[in-house]
Every structure is written in C-alpha cells, then in structure tokens.
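Residue-level structure breakdown
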Amino acid sequence: MRLALSIGRRGMGQTWPNPAVGCVLVKDGRILARAVTATGGRPHAEVQALAQAGAAAKGATAYVTLEPCSHIGETPACSQALIDAGIVRVVAPFEDNDSRVSGRGFGMLQAAGIEVTLGICAEEAAIDHAGFFLRNDTGRPFVTLKLASSFDGRIATATGESQWITGEAARKHVHGLRASHDAVMVGGGTARADDPMLNVRGYGARRQPVRVVVSRRLDLPMMSKLAASAKDVPLWLCHAPDADKMLLQTWQGIGATCVECSLQGQQLDVASTLQAIGKAGLTRVFCEGGGALAASLLKADLVDELVGYTAGLAIGAEGLPAIGAMGLSNLSAAPRFKLAEQQTLDGDVMMRWRRASK
Ligand SMILES: NC(=O)c1ccc[n+]([C@@H]2O[C@H](COP(=O)([O-])OP(=O)(O)OC[C@H]3O[C@@H](n4cnc5c(N)ncnc54)[C@H](OP(=O)(O)O)[C@@H]3O)[C@@H](O)[C@H]2O)c1
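Residues numbered from 1 in each chain as written. Predicted model: local features only at pLDDT ≥ 70, side-chain atom pairs only at ≥ 80, totals over all residues. Heavy atoms only, no water.

The next subject is the packing of aromatic side chains. Throughout the structure, instances matching the rule amount to three aromatic pairs. Relative to Trp236, the ring of Trp16 has its centre 6.0 Å away and its plane inclined at 85°; by these criteria the two rings are edge-to-face. Linking Trp16 in the loop between helix H1 (2-9) and strand S1 (22-27) with Trp236 in strand S10 (residues 235-239), this pair joins segments that are 220 residues apart in sequence. Through a chain of ring-to-ring contacts, the aromatic side chains of Phe94, Phe132 and Phe133 assemble into a single cluster. (Phe/Tyr/Trp six-rings, centres within 6.5 Å; stacked < 30°, edge-to-face > 60°. Helix = DSSP H or I, 4+ residues; strand = E, 2+ residues; numbered from the N terminus.)

Turning next to helix H2 (residues 45-53). Burial in H2 covers these residues: Ala45, Glu46, Ala49, Leu50 and Ala53. Across the axial projection of H2, the buried residues extend over an arc of 130°, all falling on one side. Buried residues along H2 sit in contact with S1, strand S2 (30-36), strand S3 (61-64) and helix H3 (78-84). Phi turns positive one or two residues past the end of H2, at Gly54, with a value near 60°. (Buried < 20%, exposed > 50% of the residue type's maximum accessible area, 1.4 Å probe, protein only. Arc of directions from axis to C-beta. Contact = heavy atoms within 4.5 Å.)

Ordered in space as S2-S1-S3-S4-S5, the five strands form an open sheet in which the pairing is mixed. Of all the strands in the sheet, the pair left with one neighbour each is S2 and strand S5 (115-117). Strand-to-strand twist across the sheet, computed as the mean angle between neighbouring axes with direction ignored, equals 15°. The pairing of S1 with S2 spans six bridges and is antiparallel. Looking across to S2, one finds that Gly22 is bridged to Val36. (Pairing = 2+ DSSP bridges. Axes fitted to C-alpha atoms, helices over the stretch in contact; angles between N-to-C directions.)

Another aspect to go through is the site of the ligand. Residues in close proximity to the ligand total 29 residues, the closest being Thr190, Asp194, Ser215, Arg216 and Ser296. One of the side-chain N or O atoms of Asp194 is found 2.6 Å from an oxygen atom in the ligand. Protein contacts shield 84% of the accessible area of the ligand, which totals 920 Å² for the unbound molecule. Where the shell around the ligand is concerned, the elements lending two or more residues are strand S6 (142-149), strand S7 (154-156), helix H8 (188-194), strand S13 (267-268) and helix H12 (291-299). Ranked by residues supplied to the shell around the ligand, first place goes to H8 with six residues. Residue composition of the shell around the ligand, grouped by class: 11 nonpolar, 12 polar and six charged. (Near = heavy atom within 4 Å. Polar contact = N/O pair within 3.5 Å; in protein donor to acceptor, adjacent residues only side chain to side chain. Areas by Shrake-Rupley, 256 points an atom, 1.4 Å probe, with all protein chains shown as cover. Nonpolar A, V, L, I, M, F, W, Y, C, P; charged D, E, K, R; others polar.)

Another point: the side chain of Thr15. In this fold, Thr15 is placed in the loop between H1 and S1. Overall, the relative accessible area of 2% leaves Thr15 in the buried class. At a separation of 3.3 Å, a polar atom in the side chain of Thr15 contacts the main-chain amide nitrogen of Ala20. Leaving out residues up to four positions away in the same chain, Thr15 has contacts with Ala20, Thr37, Ala38, Gly40, Gly41 and Arg207.

Before going further, it helps to examine the sheet that holds strand S17 (residues 337-345). Consider a sheet: its strands pair through backbone hydrogen bonds, and that pairing is either parallel or antiparallel. With mixed pairing, the nine strands of this open sheet are ordered in space as S11-S10-S9-S8-S14-S6-S15-S18-S17. Each edge of the sheet is formed by a strand with only one pairing partner; in this case those strands are strand S11 (257-260) and S17. Neighbouring strand axes in the sheet, compared pairwise and without regard to direction, differ in orientation by 20° on average. The pairing of S6 with strand S15 (residues 305-310) spans six bridges and is classified as parallel. Within the sheet, the bridge partner assigned to Lys146 lies in S15 and is Val307. Those strands touched by helix H7 (residues 168-179) are S6, strand S8 (183-187), strand S14 (284-287), S15, S17 and strand S18 (348-355), and its axis lies near 160° from that of S15.

Given below as structure tokens:
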C-alpha cells in the first residue's frame, strides 16, 4: 500500500478534477503492475495496471489507494474491470466520499466474491486525498499557504523588493510544491508588484497548474508575463461582479478565464472565491501570498497547510509583514497549526504545518 501511495503521489496536481490514485497488482509475492491515474484524470489507475498485467492479473491482489469506482462514466467502472480480470483480493484504505461511488465499488467487488480489506494506511491516504475529499464535502479545494520570509517574518523590504529572500534550493522546493497542486494562487498586489509567471519550472513535461489571481476589478497589468502567457498556461482571474466589462472582455480575449465571485466589503469574499474555483474542478490550491490575501484566508479559517521558508536575514519593522492585518485581539482566536515536517534547504529552513484539529 505504501508503494501504491507513493505512486499515487506522483499524480498530484495532474489529475484534477479526479483524485490521484495509485494501484499496484501483486501475485505470488511479485509485483505485476503499478499505475497512477493519468494526466487529466483518465484512464484510472486500476484500468492501466490491469492492462499492464494482462492475463496474469487473474488471481492477483490489487492494492488501490481509494475505493475503485462503480459508476459508468466516460470509462467503464474500475470495480467491474477488476472483477472481469479475475482479481481475488482488493486492499484499500477507505471508501470514496464521492456519493456516486461511496461503498458501491466495494459492494460490487464483494458481491462478485472478491475479498476486500480496508483500513490499510488510512492516515497517510487521508492526507494525500485531502483535497479531493474536502471539495466533495465542502465544495472548496484544500489550501496550502506558502510564504518565504526573513528571520523577522518580512516578505519584502519597504520599497517592495522581495526577489530573492530565500536561496535556490528553497525556490526549487517551491516549484516541486507548485507541481503537486492543481493551481497556484496570488493576490492582485503580488501580480502587480512582481510580474510573476507562476508556472512550474525544472520538473519535466507536466500539466502546468492553473494560475489564479484574485483581483476585484481586474486592474492588472496587461504588459505582464501572466498576460503574455495566458493562451499557453491556464490563467483564471477571480473578480467581483462590478469588474469593468471592457477589462473582462480584454482578458478573455487574450485567453484568460474570468471567474465571478462575491464581494465582502471592498474585497472579494475568499470563501466564495474558493467555492467558485472548487466548482470548476480544483482540489488543491497553492497560495503564494502576498500578505493581504494570506491574512484574508487565515482570518476566514480557510488555510489547511502552511509552508514557510525562513531565510537568515533581517529586514526590520518597515519591511512588509508576511501576513497582513487579521484584526485579532485574542490568542485563542488565532488559527493554530501543528508542525508536520521541517528540513534545511541550503541556508534556509522549510517548515510545513498542518491545521490543528479543533
Ligand atoms: N516572499 C514571499 O513569499 C512573497 C510572496 C508573495 C508576495 N510577496 C510580496 O508581497 C507584496 C504583495 O503583497 P500584498 O499584501 O500587497 O498583496 P496581495 O496579497 O498579493 O494582493 C492583495 C490584493 O489582492 C486583491 N484582493 C481581492 N480580494 C482580496 C481579499 N479578500 N483579501 C486580500 N486581497 C484581496 C486586492 O487587489 P485588487 O484591488 O486587485 O482587488 C488586494 O489589494 C509584493 O511586494 C510581493 O513581492 C512576497
């Protein structure tokens, strides 16, 4: 199952709106086949593994990181394919929470006389599938918030200089995380200040994450890398209903997708923004700031994981804080996270924190 999970992880960021599932077929102590959900979500891992194994699949055990599907969509149900191939046992962590599948896939397998073993590596699998499950349950994607800051928690100098606070190893690590998410999201402030490209570089030919920019009126620079590449790499602009119609058409004309979201006061309502992009299929979003958007997401309790890179430099109080004003007066109201991982990357420290359960 651990091998199946590690294979499944390779598909993260590649398979939305479907989950990235790993499948390993084993017979007589030998691995016959291994597969991950294909880019774009189809074909599913089980069908690919069965095709690799061919007739040898008869009598094998399938280790699958999520319940095999039972519904006939664009492809036949994976449960039926496992039955037809003569699989004798299916091992999985848990049921799918997609209402079209939940329990039905296992039911089909058991009705055909296949032994089903559940609960294996359920904790690890729950982390891997958190985005898919969260979107099914709540409508919004999983949100990872990344910030690269100085020792004193600043993300730019007072003049706005922010490139580069951390070193090359940390930046490479960021590209790896971008690659494992369906989308990279920034606020309009970062799009205006940094002229970012927000794509994945150095990880081979992969499906690029969708670039999401949150900007009420869409007053974003047209002479920018985002605009110049909108036809080639998906660019979704989340805007309010009062965005200028001409600007909207101009952005659509150069290839951007405009997503209308609700307003809350003077800014976009971050909850409705996440609902809108979740509805469009995104399950895992990597938010790279800046400080204002980070504060809005944290204040609304919409951050599931924090990834912080800390560099050994001090910028001082006049620098831009990593996280903008949150209007908190009591510590008890502050969102809490638990340390899940830490490592040094050349001279920088990376820390990953997961939402503490309430
Ligand atoms: N070191 C790092 O990791 C890092 C990462 C990112 C950015 N930065 C730096 O951070 C600076 C930009 O940060 P920032 O805080 O000024 O801007 P930001 O968070 O990137 O963007 C804020 C803007 O997003 C739009 N927005 C719409 N709805 C919002 C909402 N609910 N909450 C917050 N923003 C909303 C608004 O612009 P509209 O008027 O367009 O709606 C707002 O002005 C730059 O200097 C950049 O270099 C550093």
